[in-house]
Amino acid sequence: MTRPLVVLLSALVLTACSGGPSEREEITDAYFFPAPPDAARIQYLTSLNGSRDFDADRPLLDYVLGSEDKSRYAIAKPFSVASWKGRVYVTDSFGAQGLNVFDLENKRFYILGQAEGPGQLKKPIHVFVDEDGYKYVSDRVRQQVLVYGPDDAYLRSYGQRGAFLPIACVTYGSEVFILDVKKDKVTDAEPDPDDPDAYTEVRRDQILVLDKETGEPLRRLGQHGGGRDGFSFAGFLTIDRLGFLYVSDVMNYRVVKMDREGRVHSEFGRQGDRAGNFAHMKAVAVDQRGLVYV
């Protein structure tokens, strides 16, 4: 399962463009959040931005010959972050179309999924890494979820083009949960006589559940709308260690917690600018203690 530091790492990557403390600067209490007297939840460590993060470890000859310019890459707009065994995975919604990999232990940076073939990524938007190192990447252009093994080898994809539009995917046990926001054409209940073919496009805003091995659809959770189990512009999906699903329900200004059968257990949030209110939320994550970050 994606590590709890996904939220921390998201913040680290996002701070890359504005800079941060150098590696030589001593980390002080100023880099803990929240500030005392509240209990510290997050500690700032460093920032990650691209291939430049490991330039200091390149041979001097690379700099003399200028060969580093061929592979230098900086993330433009990070959207999703996950980690597994010393590697950090980042999707870049504006930059190179592939999965950015920071191999911290071996001090190297590379982009996964750029080679032509069945495993090529077109527009990766979300990455989830399970506890065994299998990577599930939601691709908006391919309209599929691509799966890569612990060794980065492409294994398979879920869905045929046009069947769904994934913006996030998580797994639990033998099932895959995909946040599907594809728009369906719905015929108007009272057609206009002057335009009998008129229709309205409605987002599904549902969680599609698949069998992990076969890819067969099992059920759908939630629906488009404003009810207790309805989503209006669902924006992100995550899962906790107990298997509860969390959805950021953007236009309903709330986070919904449901079980894997779609039963809503709780919800929180409302529109506003006070503590606990939301204005334009995006991602949601849960750590091992059950704390929710939005």
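Conventions and cut-offs
Residues numbered from 1 in each chain as written. Predicted model: local features only at pLDDT ≥ 70, side-chain atom pairs only at ≥ 80, totals over all residues. Heavy atoms only, no water. Helix = DSSP H or I, 4+ residues; strand = E, 2+ residues; numbered from the N terminus. Buried < 20%, exposed > 50% of the residue type's maximum accessible area, 1.4 Å probe, protein only. Contact = heavy atoms within 4.5 Å. Areas by Shrake-Rupley, 256 points an atom, 1.4 Å probe, with all protein chains shown as cover. Phe/Tyr/Trp six-rings, centres within 6.5 Å; stacked < 30°, edge-to-face > 60°. Lys NZ or Arg CZ within 6 Å of the ring centre and 35° of its normal. Polar contact = N/O pair within 3.5 Å; in protein donor to acceptor, adjacent residues only side chain to side chain. Pairing = 2+ DSSP bridges. Axes fitted to C-alpha atoms, helices over the stretch in contact; angles between N-to-C directions. Core = buried A, V, L, I, M, F, W, Y, C linked by side-chain atoms within 4.5 Å. Salt bridge = Lys/Arg side-chain N within 4 Å of Asp/Glu carboxyl O.

A. Quick look at the overall build of the chain. Counting secondary structure elements, the chain contains two helices and 24 strands. Taking all 294 residues of the chain together, the buried fraction comes to 43%. In the chain, once contacts between residues fewer than 6 apart in sequence are set aside, the share between residues at least 24 apart is 43%. Carbon together with sulfur atoms contributes 50% to the accessible area of the chain, which is approximately 15800 Å² in total.

B. How the structure looks around the packing of aromatic side chains. Taken as a whole, this structure holds seven aromatic pairs when the rule is applied. Aromatic side chains Tyr-73 and Phe-109 sit 6.1 Å apart centroid to centroid with 20 degrees between the ring planes, which places their arrangement in the stacked category. Pair noted here: Tyr-73 is in the loop between helix H2 (60-65) and strand E3 (78-84) and Phe-109 is in strand E6 (residues 108-112), with a separation of 36 residues, a long-range link. Accessibility assignment for this pair places Tyr-73 and Phe-109 in one class, buried. Between Phe-128 and Tyr-136, the ring centres sit 6.4 Å apart and the planes meet at 55 degrees, which makes this aromatic pair tilted. Here the two residues Phe-128 and Tyr-136 agree in accessibility, since each one is buried. Positioned above the aromatic ring of Phe-94 is the side chain of Lys-77, whose terminal nitrogen or guanidinium carbon lies 4.7 Å from the ring centre. Stacked on the ring of Phe-244, the Lys or Arg Lys-257 has its end atom at 4.5 Å from the ring centre.

C. Up close: the environment of Thr-214. Assignment of secondary structure puts Thr-214 in the loop between strand E15 (206-211) and strand E16 (217-221). Given a relative accessible area of 48%, Thr-214 falls into the partly exposed group. At 3.2 Å, the side chain of Thr-214 and the backbone nitrogen of Glu-216 are in polar contact.

D. Local environment of the sheet that holds strand E9 (residues 144-148). Ordered in space as E7-E8-E9-E10, the four strands form an open sheet in which the pairing is antiparallel. Pairing within the sheet leaves two strands with one partner each, and these edge strands are strand E7 (124-129) and strand E10 (154-158). Geometrically, the sheet is characterised by an average inter-axis angle of 20 degrees between neighbouring strands, direction not taken into account. Across five bridges, strand E8 (residues 135-139) lies against E9 in antiparallel orientation. Residue pairing for E9: Val-137 is matched across the bridge by Leu-146.

E. Expanded view of the nonpolar core. One finds Phe-177, Ile-178, Ile-207, Leu-237, Leu-245 and Met-258 to be the most contacted residues of the largest nonpolar core, which totals 30 residues. Elements with a contribution of two residues or more to this core: E9, strand E11 (166-172), strand E12 (175-180), E15, strand E19 (234-239), strand E20 (245-249) and strand E21 (254-258). Sequence-distant contacts of Leu-237, that is, excluding residues within four places in its chain, are made with His-126, Ala-168, Val-170, Phe-177, Ile-178, Leu-179, Ile-207, Leu-245, Tyr-246 and Val-247. Counting 13 residues, the second largest nonpolar core, distinct from the first, contains Ala-82, Trp-84, Val-129 and Leu-146.

F. Looking closely at the environment of Gln-223. By secondary structure assignment, the location of Gln-223 is in strand E17 (residues 223-224). Note: C-alpha distance between Gln-223 and Ile-207 (16 residues apart in sequence) is 8.5 Å. Leaving out residues up to four positions away in the same chain, Gln-223 has contacts with Arg-204, Asp-205, Gln-206, Asp-229, Gly-230 and Phe-231.

G. How the structure looks around the sheet that holds E6. The sheet built from four strands is open, its strands ordered E3-E4-E5-E6 with antiparallel pairing. Only two strands of the sheet have a single partner each, and these edge strands are E3 and E6. Each neighbouring strand pair of the sheet contributes to a mean axis angle of 20 degrees, computed without reference to strand direction. In terms of strand pairing, E3 meets strand E4 (residues 87-92) through six bridges, oriented antiparallel. Of the residues in E4, the one forming a bridge with Val-81 is Val-90.

H. Here's a closer look at the pairing of E8. With five of five residues buried, E8 is to be regarded as a mostly interior element. Side chains Lys-135, Val-137 and Asp-139 of E8 all project onto a buried face; the interleaved residues Tyr-136 and Ser-138 project onto the opposite face, where all are buried too. Where E7 lies against E8, five bridges are found, and the strand directions are antiparallel. Across the sheet, Val-129 pairs through a bridge with Lys-135, a residue of E8. Connecting E7 to the antiparallel partner E8 that follows it, the hairpin turn spans five residues, and Gly-133 within it adopts a positive phi of roughly 90 degrees. Between the antiparallel neighbours E8 and E9 lie four residues, among them Gln-143 with a positive phi of about 55 degrees.

I. Layout of the pattern of salt bridges. Summed over the entire model, instances satisfying the criterion amount to 15 salt bridges. For Asp-152, the salt bridge identified is with Lys-135, shortest N-O distance 3.3 Å. Here Asp-152, found in the loop between E9 and E10, pairs with Lys-135, found in strand E8; they are 17 residues apart in sequence, far enough to count as distant. Both residues of the pair, Asp-152 and Lys-135, belong to the buried class. The salt bridge partner of Arg-204 is Asp-180, with a shortest N-O separation of 2.8 Å. One end of the pair, Arg-204, is in the loop between strand E14 (199-203) and E15; the other, Asp-180, is in strand E12, with 24 residues separating them in the sequence. Residue class for Asp-180 comes out buried when judged on its relative accessible area of 0%. Within this structure, Arg-87, Asp-103, Arg-108, Lys-135 and Asp-152 form a network of salt bridges that share partners.

Honestly, that's just the spatial picture; any functional story needs more than this.
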